[in-house]
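Observations on the model geometry
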Amino acid sequence: MPVPDDFKLFQNYPNPFNPSTKIKFTISKSPLLGGDRRGGLQFAKLVVYDILGNEVAALVNRELPAGNHEVEFDGSNLPGGVYFYRLQAGSFVSSKKMILLR
């Protein structure tokens, strides 16, 4: 499978969700976009925030290889409402909105 040339954060699925959802994202191999020349390793941080901007979960906080990734977010201990997730990798930053239904 080819390694992607760019970063991408996808909409979670399902959305709305109860109690868990999956978040997919792509890490670039390009050193110009923040990728590491040693083989595409990139420090990535994927965090979930509540509507007030408080961090409620850090799903990823480590170096990842270039390619496609997927993490599961379990909101069973959180109240229903709107949440945001934000991916930061190199100079790439992207956020999306998701809804937890109770």
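For the structure itself, consult the block above.
Our subject in this report is the structure included herewith. Numbers given to residues run from 1 along each chain, matching the order in which its sequence is written. At least 70 in pLDDT is required for a residue's local features to be given in this predicted model, at least 80 for side-chain atom pairs to be given and counted, and no such filter applies to totals for whole chains, interfaces and linings, which use all residues. No hydrogens and no water enter the side-chain calculation; it runs on all heavy atoms of the structure.

Put simply, side chains in a regular strand alternate between the two faces of the sheet. In this description, strands pair whenever DSSP reports at least two bridges between them. Every helix listed is a DSSP run of H or I at least four residues long, and every strand listed is a run of E at least two residues long, numbered separately from the N terminus. Across two bridges, the pairing between strand E1 (residues 8-9) and strand E2 (residues 20-27) is antiparallel. Looking at the pairing, Lys-8 lines up with Thr-26 of E2. For E2 and strand E5 (residues 67-74), the ladder comprises eight bridges, and the chain directions are antiparallel. Counted as the bridge partner of Thr-21 is Phe-73 from E5.

Next up on the list: the nonpolar core. Formed by 22 residues in total, the largest nonpolar core has its most connected members in Phe-25, Leu-46 and Phe-73. Looking at this core, the elements that each hand over two or more residues are E2, strand E3 (42-50), strand E4 (55-64), E5, strand E6 (81-89) and strand E7 (92-100). No other element matches E6, which puts four residues into this core. We define a nonpolar core as any set of buried Ala, Val, Leu, Ile, Met, Phe, Trp, Tyr and Cys residues linked to one another through side-chain atoms lying within 4.5 Å. Any residue under 20% of the maximum accessible area for its type is buried, any over 50% is exposed, and the rest in between are partly exposed; the area is computed with a 1.4 Å probe on protein chains only.

Candidate patch residues must exceed 30% relative accessible area and have no salt bridge, after which like charges are joined if within 9 Å and Val, Leu, Ile, Met, Phe, Trp or Tyr side chains if within 5 Å. Computed with the Shrake-Rupley method and a 1.4 Å probe, the accessible areas treat only the protein chains shown as cover for residues. By definition, a salt bridge exists where a carboxyl oxygen of Asp or Glu is found within 4 Å of a side-chain nitrogen of Lys or Arg. Taken together, the side chains of Ile-51, Leu-52 and Phe-84 define a hydrophobic patch exposed on the protein surface, amounting to about 320 Å² of accessible area. One can find Ile-51 in the loop between E3 and E4. Assessed through its relative accessible area of 55%, Ile-51 is described here as exposed.

Pairing is antiparallel in the open sheet, where four strands are placed in the order E4-E3-E6-E7. Taken across any chain shown, the strands that pair with only one partner, and hence form the sheet edges, are E4 and E7. Going from strand to strand, the sheet's axes swing by 15° on average, the running direction of each strand aside. The angle between two axes is taken between their N-to-C directions and runs from 0 to 180 degrees, where each axis is a line fitted to C-alpha atoms and a helix contributes only its stretch in contact.

Here we come to the packing of aromatic side chains. Two rings from Phe, Tyr or Trp (for Trp, the six-membered ring) form a pair when their centres are within 6.5 Å of each other. A pair whose planes differ by under 30 degrees is stacked, one over 60 is edge-to-face, and the rest are tilted. Taken as a whole and assessed by the stated rule, the structure comprises two aromatic pairs. Aromatic side chains Phe-17 and Phe-73 sit 6.0 Å apart centroid to centroid with 70° between the ring planes, which places their arrangement in the edge-to-face category. Placement of Phe-17 in the loop between E1 and E2 and of Phe-73 in strand E5 is noted, with a sequence separation of 56 residues between them. Comparing Phe-17 with Phe-73, the two get one shared label, buried.

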